[in-house]
Amino acid sequence: MRQSHQLPLVGLLLFSLIPRQQCEICEVSKEYYTALNPLISTMINSKYTKGIHAANVLLSLRLGGILNPNQEQQLIQQINTAVENKKPSLTSGQLTLAILALGACKGPDGISINYSELVGDLENKFQAEIKNMEDHDGNPLTNYYQLSLDILALCLFSGNYSITEVTKILDPESKNYYFHEQFSVDTGAMAVLALTCVKRSITSGQNKIDTTDLENIDNHVESLIAKILSQKTENGLLGNIYSTGEAMQALFVSSDYYNKSQWVCQKTRDTVLTEISQGAFHMPTATAQILPALMGKTYLDVNKDSSCVYDSGNFNISTQDPISVTPAVSASQIKVNYSVVINNAKDRIVVSVADGSVFLDVMEQAQKENATLFSFTVEESSWGPYITTVQGIKANNNDRTYWELLSNGEHLSQGVGSYVVHAGDDLEVRWSTY
Ligand code: CBY
């Protein structure tokens, strides 16, 4: 996690060599695919590409046609085992990602997964999300990002769902698109992909035409796209660097809803490539979520009936750990301030950690020094460790509470396992409501 790829040369190369013609889908051209090798190695070799967390990675690599059948088989095996052993405890979105990954295409043996069983399980998990919303003031068991993923998979894999109901759920005015009153671009993007799939199923005649549903879907997509574009930054990112890949996918599939002057795809792509060269993508999930867009693909390209494409020499994937040019953590120590904030009460400590340490190291050091005030627990998520309790107080989706991470008063856009701390930082975990 402390490793980062510094690929300035690759970034420069991509920057200068990519043709800059106008196009709706501005993928990286094939000749330069090799420059994506380190990203791919990160996905395949990382310690986080484990169990169910491998699903995002397999989905991305299959959409890109990057793997060889052997590598693919290993990932499939991991996901199958995780699904078999942990199905009841998987969240709806985790099960969905497994279905999307396993069913992204038809493997070389022509054997497909048992869709009907998995899709049936997903229908149940999706219903449980809706039931939770009814019982808990509109709050799902997980979140709207996962509900949108669920709807996308039910749509792509012919599951049962009511078009009218999902259209109502994904109303852009729902509070579930917002965290701290800030529109979540990741969530909006996933909802656009789900709604676009549903719309296509209506217009292609798979589902009965109801003009009110169709109109509502159109309005929702239009409004969500406007909200996504309103989060465009000066340098072309959509939200932040970690939401941009999926937002690009949403914009690829909905070009009827904005005009060319509102989004210059190439600018976004070039900024992403620069960020890649600066090491922003050392987590496999982050990488998995950016890669499809860079290759001109979207999750709507998942098609259980089309044969998988395998790497025909564009990539040279090593099974070695990706090379890191970041110097090993040096022995020098830095001091940082760390506080746990609950309402108006603040428990503060100054801790010493090795230069190059991440937020989690600071929390561990503080816990060592004072277990009463600074005890905490984490859960492994596909984005790395996620703080679930501090001082025994547990985050709860039913009341929209969580432990928020801040540095110098700023909300962080990385988790505890990734954020590298600096000397003198004022780090905070704050009991918050989103
Ligand atoms: N994935 C999910 O279910 C997560 C959906 C997501 C929208 C997600 C971002 C986007 C994505 N692409 O996966 C999301 N985060 C959600 C929904 C949430 C909420 C989780 C609770 C719930 N209702 O399900 C919540 C509480 C609002 C939240 N994220 C909190 C946090 C903070 C975690 C702190 C902790 N306790 O450990 C944190 C660190 C923000 C903070 N400053 O406190 C955070 N999220 C971040 C930074 C992120 C980004 C991760 C980027 C990175 N490099 O690590 C994120 C990509 C993501 C994961 N969250 Co939330 C958003 C972004 O910055 N673009 C599906 C599942 C199957 O995997």
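Just so you know, these numbers come straight off a predicted model, no measurement behind them.

Caption draft 1: Geometry of the packing of helix α7 (residues 144–156) against helix α9 (residues 185–203). Axis separation between α7 and α9 bottoms out at 8 Å; the angle between their running directions is 20 degrees. Classified by the angle their axes make, α7 and α9 are roughly parallel. α7 and α9 meet at a crossing whose hand is left-handed. Packed against α7, whose contacting residues are Tyr144, Tyr145, Ser148, Leu149, Ile151, Leu152, Cys155 and Leu156, the element α9 presents Asp186, Thr187, Met190, Ala191, Leu193, Ala194, Cys197, Val198 and Ser201 at the interface. Taken together, the residues of the contact of α7 with α9 break down into 13 nonpolar, three polar and one charged.

Caption draft 2: Expanded view of helix α12 (residues 265–277). Between its terminal C-alpha atoms α12 stretches 19 Å, which fits the 18 Å expected from 13 residues at 1.5 Å a residue. The element α12 is extensively covered by neighbouring structure, given that ten of its 13 residues are classed as buried. Where α12 is concerned, the buried positions are Cys265, Gln266, Thr268, Arg269, Asp270, Thr271, Val272, Leu273, Ile276 and Ser277.

Caption draft 3: Main features of the site of the ligand. Around the ligand sit 30 residues, and of these Asn143, Gln146, Asn240, Leu412 and Tyr434 come closest. For the ligand, a nitrogen atom lies 3.4 Å from a polar atom in the side chain of His411. A distance of 2.7 Å separates a nitrogen atom of the ligand from a polar atom in the side chain of Tyr434. Only α5 (92–102), α7, α9, α11 (241–252), β6 (384–390) and β8 (401–407) provide two or more residues apiece to the shell around the ligand. At four residues, the largest contribution of residues to the shell around the ligand is made by β8. For the shell around the ligand, a count of residues per class yields twelve nonpolar, 15 polar and three charged. In this structure, the shell around the ligand is formed jointly by two domains, domain 1 (9–314) and domain 2 (333–433), each of which donates at least three residues.

Caption draft 4: Quick peek at the pairing of β8. Within β8, seven of the seven residues are buried, which leaves the element mostly enclosed by the surrounding structure. Residues of β8 alternate between two faces, with Thr401, Trp403, Leu405 and Ser407 on one and Tyr402, Glu404 and Leu406 on the opposite face, all of them buried. For β8 and strand β10 (residues 426–433), the ladder comprises seven bridges, and the chain directions are antiparallel. Directly across from Trp403, in β10, lies its bridge partner Trp431. Two elements, β8 and strand β9 (residues 410–411), share two bridges in a ladder whose sense is antiparallel. Within the sheet, the bridge partner assigned to Ser407 lies in β9 and is Glu410. Connecting β8 to the antiparallel partner β9 that follows it, the hairpin turn spans two residues, and Asn408 within it adopts a positive phi of roughly 50 degrees.

Caption draft 5: Looking closely at the packing of α11 against helix α13 (residues 284–294). Between α11 and α13, the least distance of the axes is 8 Å, while the angle of their chain directions is 30 degrees. Considering the angle they form, α11 stands roughly parallel to α13. Of the two possible hands of crossing, α11 and α13 adopt the one that is left-handed. Along the contact surface, α11 presents Ile241, Tyr242, Thr244, Gly245, Glu246, Met248, Gln249 and Phe252, while α13 presents Ala286, Gln289, Ile290, Pro292 and Ala293.

Caption draft 6: The sheet that holds strand β4 (residues 345–354), seen in detail. Reading across from one edge, β4-β3-β10-β8-β9 is the order of the five strands in this open sheet, with mixed pairing throughout. Among the strands making up the open sheet, the edge pair consists of β4 and β9. In terms of strand pairing, strand β3 (residues 333–342) meets β10 through five bridges, oriented parallel. Following the sheet pairing, Val340 is matched in β10 by Val429. Taken strand by strand, helix α14 (residues 359–369) contacts β3, β4, β8 and β10, and its axis lies near 110 degrees from that of β4.

Caption draft 7: Structural detail: the UniProt feature "domain: Transcobalamin-like C-terminal" (unreviewed entry) in the protein. Feature annotation in UniProt places "domain: Transcobalamin-like C-terminal" (unreviewed entry) on residues 356–432, given in this structure's numbering. Summarising residues 356–432: 19% helix, 40% strand, and an end-to-end C-alpha distance of 27 Å.

Caption draft 8: Quick look at the state of the cysteines. Applying the stated criterion across every chain yields a total of three disulfides. What pairs with Cys155 in a disulfide is Cys197, and their sulfur atoms sit 2.0 Å apart. An S-S torsion of about -90 degrees defines the bridge between Cys155 and Cys197 as left-handed. Here Cys155, found in helix α7, pairs with Cys197, found in helix α9; they are 42 residues apart in sequence, far enough to count as distant. The pair Cys155 / Cys197 is uniform in exposure class, with both members buried.

Procedures and definitions
- Residues numbered from 1 in each chain as written.
- Predicted model: local features only at pLDDT ≥ 70, side-chain atom pairs only at ≥ 80, totals over all residues.
- Heavy atoms only, no water.
- Axes fitted to C-alpha atoms, helices over the stretch in contact; angles between N-to-C directions.
- Helix = DSSP H or I, 4+ residues; strand = E, 2+ residues; numbered from the N terminus.
- Parallel < 35°, antiparallel > 145°, perpendicular 65-115°, else oblique.
- Left-handed = near helix turned anticlockwise from the far one by under 90°.
- Contact = heavy atoms within 4.5 Å.
- Nonpolar A, V, L, I, M, F, W, Y, C, P; charged D, E, K, R; others polar.
- Expected span 1.5 Å × (residues − 1).
- Buried < 20%, exposed > 50% of the residue type's maximum accessible area, 1.4 Å probe, protein only.
- Near = heavy atom within 4 Å.
- Polar contact = N/O pair within 3.5 Å; in protein donor to acceptor, adjacent residues only side chain to side chain.
- Domains from an automatic or database assignment.
- Pairing = 2+ DSSP bridges.
- UniProt positions renumbered as here; feature names shortened; annotations may be inferred.
- Disulfide = S-S within 2.5 Å.

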